[in-house]
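One-letter residues, chain by chain:
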Amino acid sequence: MVQGSANLNTEVNEKWLQEYIDSWVDFFKKQTVDGEVADYIPILARADQEALGISIIGKNGLTIRSGITEEKFTIQSISKVLTFIVACMERGLAYVLNRVDVEPTGEAFNSIMHLQISQPKKPFNPLVNSGALTVSSMLEGKTSDQKLETLFLLLEKIIGYRPELNIETYESERDTSMRNRAIGYYLLEGGYLESDLGITLETYFKQCSIEITIDDLARIGLVLSNDGFDPYTNEEIIPRAISRLAKAMMLTCGMYDASGKFAAYVGIPAKSGVSGGIMAVVPPRVREDDFPFLDGCGIGVYGPSLDKQGNSIAGIKLLKHIANQWDFSLF
């Protein structure tokens, strides 16, 4: 479904754009058989492995949707970008970066190895679980609900409504996530947690269990593509410096231990979650040729069939194809 007007340098037929996206979604949907849904969180194992959907929202109002577009799913690790933003807005960049680094890691998102062997035992970045737990502990508030209130307010300001918490997913993660508890004890030993371990874990499990849609992800991505400004209201929602740092980390660390390949072959900031969501950001580009979304856009993808790194297997291939066809890459 296409909404809005193209407003490109030369007139582009919106119907053609929709036909392109529809055909690409139909093609890459076949790739879902090569992955598996996340079954280590029991509720995520119920997802439809063949589902694939995409939403692209441009600065000029052009919106293209295709595939599974109305499905609500939990945000999972994409929330790490948002809690990092909130922590920086509440505490300041210097305070947060003193406790969490911004270096990529070749290890899995739930690895404990770097906490054991690196000196100091500082989390590599906010987008791996150790860094995300550290950030969650920094959020202001004494309870998990108080800590997450600013996150909900930020989401409400961007997407226009207050999303809900999927209690069943929260309880499923809370009852099965032994690895995150182990990571939490390492962080507690190193003095990186600023709140009680139980409260920190509860906050993290809840933030991952917030329900969103691909439109919501695309809308957040659009604000980030515009350096934290909402192009529809011209309001600064996220300070520019924080927005830019968040995008840099998404580019270098956002796709787990496949981040380097994604940066090389797709070339846009993105963050994935094990529910199958991907939030991608396309900043404005200067090109001699005419391409869609030259003014930038946000992209939301849902495809719960995952590759070995925990990323949507069809979603990555779809994004790679679109980035190549429409010259989205930053490089």
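Reading the values: the criteria
Residues numbered from 1 in each chain as written. Predicted model: local features only at pLDDT ≥ 70, side-chain atom pairs only at ≥ 80, totals over all residues. Heavy atoms only, no water. Helix = DSSP H or I, 4+ residues; strand = E, 2+ residues; numbered from the N terminus. Buried < 20%, exposed > 50% of the residue type's maximum accessible area, 1.4 Å probe, protein only. Contact = heavy atoms within 4.5 Å. Salt bridge = Lys/Arg side-chain N within 4 Å of Asp/Glu carboxyl O. Pairing = 2+ DSSP bridges. pLDDT = per-residue confidence, 0-100. Phe/Tyr/Trp six-rings, centres within 6.5 Å; stacked < 30°, edge-to-face > 60°. Lys NZ or Arg CZ within 6 Å of the ring centre and 35° of its normal. Expected span 1.5 Å × (residues − 1). Axes fitted to C-alpha atoms, helices over the stretch in contact; angles between N-to-C directions. Parallel < 35°, antiparallel > 145°, perpendicular 65-115°, else oblique. Left-handed = near helix turned anticlockwise from the far one by under 90°. Nonpolar A, V, L, I, M, F, W, Y, C, P; charged D, E, K, R; others polar.

J.: What's the story with the environment of glycine 53 in this structure? I'm lost.
T.: Note on placement: glycine 53 falls in strand E2 (residues 53-58). The class of glycine 53 is buried, set by a relative accessible area of 0%. Those residues in contact with glycine 53 that sit more than four places away from it in its chain are Ser66, Gly67, Ile68, Ile214, Gly300, Val301 and Tyr302.

J.: Just checking my understanding: could you explain the pattern of salt bridges for this structure?
T.: Any two side chains of opposite charge can pair, on the condition that their charged atoms come close. This structure, assessed with the given rule, holds 14 salt bridges. In this structure, the salt-bridge partner of aspartate 215 is arginine 65, at a minimum N-O distance of 2.8 Å. Of this pair, aspartate 215 sits in helix H10 (residues 214-225) while arginine 65 sits in strand E3 (residues 63-67), and the two are 150 residues apart along the sequence. Of the residues examined, arginine 65 reaches a relative accessible area of 13% and is grouped as buried. Residue glutamate 202 is joined to lysine 206 by a salt bridge in which the shortest nitrogen-to-oxygen separation is 3.7 Å. You can see glutamate 202 and its partner lysine 206 sitting in helix H9 (residues 197-208), four residues apart, about one turn around the helix.

J.: Would you take a moment to explain the pairing of E2 for this structure?
T.: Looking along a regular strand, one sees side chains alternate from face to face of the sheet. Most of E2 is tucked away: six of the six residues are buried. Judged by which residues are buried, E2 turns out to be covered on both faces: Gly53, Ser55 and Ile57 on one side and Ile54, Ile56 and Gly58 on the other are all buried. Where E2 meets E3, five bridges bridge the pair, whose relative direction is antiparallel. Opposite glycine 53, over in E3, you have glycine 67 as the bridge partner. Linkage of E2 to E3, two consecutive antiparallel strands, is achieved through a turn of four residues, within which glycine 61 is found at a positive phi near 100°. Sheet topology note: the E2/strand E10 (residues 297-302) ladder contains six bridges and is antiparallel. Along E10, the bridge assignment pairs serine 55 with glycine 300.

J.: Looking at this structure, I do not really get the confidence of the model for the chain. What am I missing?
T.: Detailed reading of predicted coordinates is not advised where the pLDDT is low. For the chain, the average pLDDT comes to 91, and 92% of its residues sit at 70 or higher. Residue range residues 2-12 is modelled with pLDDT below 50. Its contacts to residues more than four positions away, or to other chains, number 27 contacts.

J.: I keep staring at the packing of aromatic side chains and nothing clicks. Help me out?
T.: Here a ring pair, both rings aromatic, is described through the centre-centre distance and the interplanar angle of the planes. According to the stated counting rule, one finds seven aromatic pairs in the structure shown. Relative to tryptophan 326, the ring of phenylalanine 293 has its centre 6.1 Å away and its plane inclined at 40°; by these criteria the two rings are tilted. Of this pair, phenylalanine 293 sits in the loop between strand E9 (277-282) and E10 while tryptophan 326 sits in helix H13 (residues 313-326), and the two are 33 residues apart along the sequence. Joined through ring pairs, the aromatic side chains of Tyr20, Trp24, Phe293, Trp326 and Phe328 make up one cluster. Note that lysine 206 overlies the ring of tyrosine 170, its terminal NZ or CZ placed 5.6 Å from the centroid.

J.: Whenever I open this one, H10 confuses me. Can you help?
T.: Residues spaced three or four apart along an α-helix face the same direction, because each turn holds 3.6 residues. Spanning 12 residues, H10 covers 16 Å between terminal C-alpha atoms, matching the ideal 16 Å at 1.5 Å per step. Taken residue by residue, H10 has Ile214, Asp216, Leu217, Ala218, Arg219, Ile220, Gly221, Leu222, Val223, Leu224 and Ser225 as its buried positions. At the exit of H10 stands aspartate 227, carrying a positive phi of roughly 55°.

J.: Any chance you could explain the packing of helix H7 (residues 167-176) against H9 here in plain terms?
T.: Geometrically, a packed helix pair is captured by the angle between its two axes and the distance between the axes. The contact between H7 and H9 brings their axes to 8 Å, and the two run at 135°. As judged from the angle between their axes, H7 and H9 are oblique. In the crossing of H7 with H9, the sense of the turn from one axis to the other is right-handed. For the pair formed by H7 and H9, the contact residues are Tyr170, Glu173 and Arg174 on the first element and Glu202, Phe205, Lys206 and Cys208 on the second. Its residues assigned to classes, the contact of H7 with H9 shows three nonpolar, no polar and four charged.

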